[in-house]
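# A look at the structure
Here is how the chains run, residue by residue.
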Amino acid sequence: MTQTNNFLIIRLSSIGDIILTSPLIRSLRRTYSDARIDFLVNNIFKEIIEYNPYIDNIIVYEKNNSIYENNFIKQNIPSDYKIIDLQNNIRSTVFRHGIYSEIAKMNKRRLQKLSMVYLKKMPEIAKQIPILYIETAKKFDVEYDGNGLEIWLPEEKFEKKYVPATRKNNHEIKKIAIAPGAKHATKRWLPEYFAELIDKLNHNYSLNFYLLGGIDDVKICSEIMNFIKIKKANIFDCSGQTSILQTVTLIDNCDLLISNDSSIMHIGAARNVPTIAIFGSTVPQFGFSPFHVKNVICEINIKCRPCTHIGLSKCPQKHFNCMKLLAPDMILETIDYLIKKY
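Residues numbered from 1 in each chain as written. Predicted model: local features only at pLDDT ≥ 70, side-chain atom pairs only at ≥ 80, totals over all residues. Heavy atoms only, no water.

## Examining the environment of Ile-103
Definition in use: Put simply, DSSP H or I for four residues or longer makes a helix, DSSP E for two residues or longer makes a strand, and each gets a number counted from the N terminus. When checking whether two residues touch, look at their non-hydrogen atoms; a contact exists if any pair is within 4.5 Å.
Relative to the helices and strands, Ile-103 resides in strand β5 (residues 100-105). Along the chain, Ile-103 and Tyr-81 lie 22 residues apart, while their C-alpha atoms are 8.3 Å from each other. If sequence neighbours within four positions are ignored, Ile-103 has contacts with Ile-83, Arg-96, Lys-139 and Phe-140.

Have a look at this one:
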């Protein structure tokens, strides 16, 4: 008798972290073509994986419910899951109790992160998070398939074909997506710098710009629009007006993404959009740099970096030089290089 495989992947949050699970989901399906693969996720992030064809069921976890209330979900799900717990915190531990036959838990590398933040000791080999997710599942014989991130659109699932935008090698960039937000302030490049960069790009090239972000990013996008000196006819502020999948479509139609270390940076990578990634208080060695896509990291190497692995509400040194010293002309030079070598 053939053994039935029921897999449950747990990654409750956030947008970027969930997108980074996509190579694991795809590689797991490749290894177990007939398996049942379910995904446990917070309700507000369901949209990210809703159309992924490699997932059989999405189990919605309500973040605002008590652990006791969320345990009711378990009444109608298999009790013999092989669990891949990428969240690996109290909530995921309580939830998975009693419903698994085997388990693989994410090593959250807490000591390594502390060493990077407080001792400034960088790892000799800095693995990206999607690779670490796949390594978590190695006990289930899952191996990386060599491909990138995915965030599927409804029509792609219907057609059973993932078709992120194909970039033409024509040395031409006409549309630039800009994501100036981030959850934490120390991961945000200055709005006046974004405005200056847009002014200079618009002077040098004939471009359209799209400011992207959620409700929390409306303020910073408004500030950028106020700082801009040129005519704004070709600058479109889309912040707070689009769903995640609508943002995906907007990025698909752009030739370049300029983003802080944020979730939109990972959306761009999933849709194969060349990316300029701006890092301030965090560093790429934490594993969250753009994955499997043409990209350039823009950062200033100063002694106090990294001061955090997730971001802070303000600079602990009170100078914010990791962003202030990263002048618009430095980003412009990088973009000019990409445009000429595109």
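## What about the packing of aromatic side chains?
The condition is simple: Centre distance within 6.5 Å is the pairing criterion for rings of Phe, Tyr and Trp, where only the six-membered ring of Trp is used; planes under 30 degrees apart are then read as stacked, over 60 as edge-to-face, and the remainder as tilted. Partly exposed residues are those whose accessible area sits between 20% and 50% of the maximum for their type, while under 20% is buried and over 50% is exposed, using a 1.4 Å probe and protein chains only. Either the NZ atom of lysine or the CZ atom of arginine qualifies as a charge over a ring when it sits within 6 Å of the ring centre and within 35 degrees of the ring normal.
One pass over the full model with this rule turns up 10 aromatic pairs. Note on Phe-7 and Tyr-32: the rings are 4.8 Å apart at their centroids and 50 degrees apart in plane angle, and the pair reads as tilted. Remark: Tyr-32 occurs in the loop between α2 (22-31) and β2 (36-42) and Phe-7 occurs in strand β1 (residues 6-10); sequence separation between them is 25 residues. Owing to a relative accessible area of 0%, Phe-7 belongs among the buried residues under this scheme. The exposure class assigned to Tyr-32 is buried, which follows from its relative accessible area of 17%. Geometrically, the ring pair formed by Trp-189 and Tyr-193 is edge-to-face, given 5.5 Å between the ring centres and 70 degrees between the ring planes. The exposure class assigned to Trp-189 is buried, which follows from its relative accessible area of 0%. In this structure an aromatic cluster arises from ring pairing among Phe-7, Tyr-32 and Phe-140. The residue whose ring lies beneath Lys-74 is Phe-95, and the NZ or CZ to ring-centre distance is 5.9 Å.

## Description of the pairing of β1
Note the threshold: For two strands to be treated as a pair, DSSP must find no fewer than two bridges joining them.
Of all five residues making up β1, five are buried, and the element is well covered by its neighbours. Residues Asn-6, Leu-8 and Ile-10 of β1 are buried on one face, and the alternating residues Phe-7 and Ile-9, pointing to the opposite face, are buried as well. When β1 meets β2, the two strands line up parallel, connected through five bridges. Across the sheet, the residue bridging to Ile-9 is Phe-39, located in β2. Looking at chain direction, β1 and strand β4 (residues 81-85) are connected through four bridges and run parallel. Note that in β4 the partner of Leu-8 across the bridge is Ile-83.

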